[in-house]
Amino acid sequence: MKRTLSMSVAGLVNLCICNGIRRNICILQMLFTIPSVALFSQTAEYKTTNFTDKLSPLKVSITALSLDNIKPQVGLLVQGAKGKLGYEVFYRQDIAKKLFTPKDNVVNPENLKSMKYLEGGIDYFFVDKLKKDESDVRIEAGFTTTVYRYFDAVCDKRKQFGIHAGLLHYNQTAGASNASDGTYEFVTTSGAAPSPGQIYFFRSNSNALVAGLVFKKIRKASVSYNGYKNFRHFSRRIFLDALIGGTSYESIQAANGVYTVKTKQPSPIGYRIGFEWDQMGVVTRFEIGQRPKRFALGLPGYNYFNLSFSFNVFHGDKTYAMSSKYDNK
């Protein structure tokens, strides 16, 4: 296949400066270059090998940073795909448990523990189509990183639409005083009544069933040109889920008594909207919504957000199956 191969105008200007030519000469050259950029073009013959049907069945990524309501976390992300099925499992844990928690007038600071989050889910795509698309291919870098040639290579884009289902579990520590804002109420099981104005730490355990819709785009190909091979991979995944579940609270253990925690949150139903982007092994995920029986931001219909960045360390789609043995197929 043939495509027009062009040199970046910005690259020409930078090359002038790097070679010591005076600025006024560079500007004059740029004025002549812009209207006649076609003079620097040539035909590129290349070969595209598509791998949208050869996705990794098991890829492992390290979550280097996850912000759950601003609180930093680290974790592990495991994903895979086979045919019309996909799955993912991820685990996250706080790395700064004392951040954004009360520090004054705390009765039981020993109860403060890190939040831990675990989720697993499966995608089933009942719509699975291929269409032609273009991908920018950069080749033959010059003396600086801004001097390059590029062309648009035709490749396949895979579009999928289906349903998603899974389970999630997380536990966390909350800090509150007795009926301080009407959210929590402490009932004395033994010992003295809770002290007014004092903060008590207690643990909650939440479980939820996740079900919804998922849309995914995949582009995965290698482009061979003039002895070079350029690998291109990205996937975009958008999901809209309903969450149904509940939360249980552990008893508060304090020096002056034991207390049961009650909450006035009535609804076990939540939701979330999310976006996941895998660009050459860097997985960015953002989601926002309302987890069942979770108080955090105090806004109607919205009580959490999460932004995470993961980096592939094993069997990523940027390399999986994209080897020379497939080039002639």
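Keep in mind that what you see is a predicted model, and the values were worked out from it rather than measured.

**Remarks on the environment of serine 248**
Point 1. Inspection of the secondary structure puts serine 248 in strand 11 (residues 228-249).
Point 2. We classify serine 248 as partly exposed; its relative accessible area is 42%.
Point 3. Each C-alpha atom, one on serine 248 and one on serine 204, is 5.7 Å from the other, the two residues being 44 residues apart in sequence.
Point 4. The residues contacting serine 248, other than those within four sequence positions of it, are Arg203, Ser204 and Asn205.

**What about the confidence of the model for the chain?**
Point 1. On average, residues of the chain score 78 in pLDDT, and 74% of them are at 70 or above.
Point 2. Taken as a whole, residues 6-41 scores under 50 in pLDDT and shows 35 contacts with residues more than four places along the chain or in a different chain.

**Things to note about the packing of aromatic side chains**
Point 1. The full count for this structure, using the stated rule, is seven aromatic pairs.
Point 2. Where phenylalanine 90 meets tyrosine 117, the ring centres are 6.0 Å apart and the plane angle is 10 degrees; that geometry is what we call stacked. Taken together, the residues span a long stretch of sequence, with phenylalanine 90 in strand 6 (residues 85-94) and tyrosine 117 in strand 7 (residues 116-139) at a distance of 27 residues.
Point 3. We classify tyrosine 117 as buried; its relative accessible area is 1%.
Point 4. On the basis of an interplanar angle of 65 degrees and a centroid distance of 6.1 Å, the ring pair of phenylalanine 202 and tyrosine 249 is categorised as edge-to-face. Residue phenylalanine 202 is found in strand 10 (residues 200-225), and its partner tyrosine 249 is found in strand 11; the two are separated by 47 residues along the sequence.
Point 5. For phenylalanine 202, a relative accessible area of 1% gives the class buried.
Point 6. Chaining the aromatic ring pairs together yields one cluster made of Phe186, Tyr200, Phe202, Tyr249 and Tyr259.

**Looking at the pairing of strand 11**
Point 1. Where strand 10 meets strand 11, 22 bridges bridge the pair, whose relative direction is antiparallel. Paired with lysine 220 across the two strands is histidine 233, which belongs to strand 11.
Point 2. Linkage of strand 10 to strand 11, two consecutive antiparallel strands, is achieved through a turn of two residues, within which asparagine 226 is found at a positive phi near 50 degrees.
Point 3. When strand 11 meets strand 14 (residues 269-279), the two strands line up antiparallel, connected through 11 bridges. Residue pairing for strand 14: alanine 242 is matched across the bridge by tyrosine 271.

**Some details on the pattern of salt bridges**
Point 1. Counted by the stated rule, this structure contains 17 salt bridges.
Point 2. For aspartate 317, the salt bridge identified is with lysine 59, shortest N-O distance 2.9 Å. You can see aspartate 317 sitting in the segment after strand 16 (304-314) and its partner lysine 59 sitting in strand 4 (residues 59-68), a full 258 residues away along the chain.
Point 3. The closest approach of N and O atoms between arginine 285 and glutamate 276, which form a salt bridge, is 2.9 Å.
Point 4. The exposure class assigned to glutamate 276 is buried, which follows from its relative accessible area of 6%.

Here is what the cut-offs are and how they apply
- Residues numbered from 1 in each chain as written.
- Predicted model: local features only at pLDDT ≥ 70, side-chain atom pairs only at ≥ 80, totals over all residues.
- Heavy atoms only, no water.
- Helix = DSSP H or I, 4+ residues; strand = E, 2+ residues; numbered from the N terminus.
- Buried < 20%, exposed > 50% of the residue type's maximum accessible area, 1.4 Å probe, protein only.
- Contact = heavy atoms within 4.5 Å.
- pLDDT = per-residue confidence, 0-100.
- Phe/Tyr/Trp six-rings, centres within 6.5 Å; stacked < 30°, edge-to-face > 60°.
- Pairing = 2+ DSSP bridges.
- Salt bridge = Lys/Arg side-chain N within 4 Å of Asp/Glu carboxyl O.

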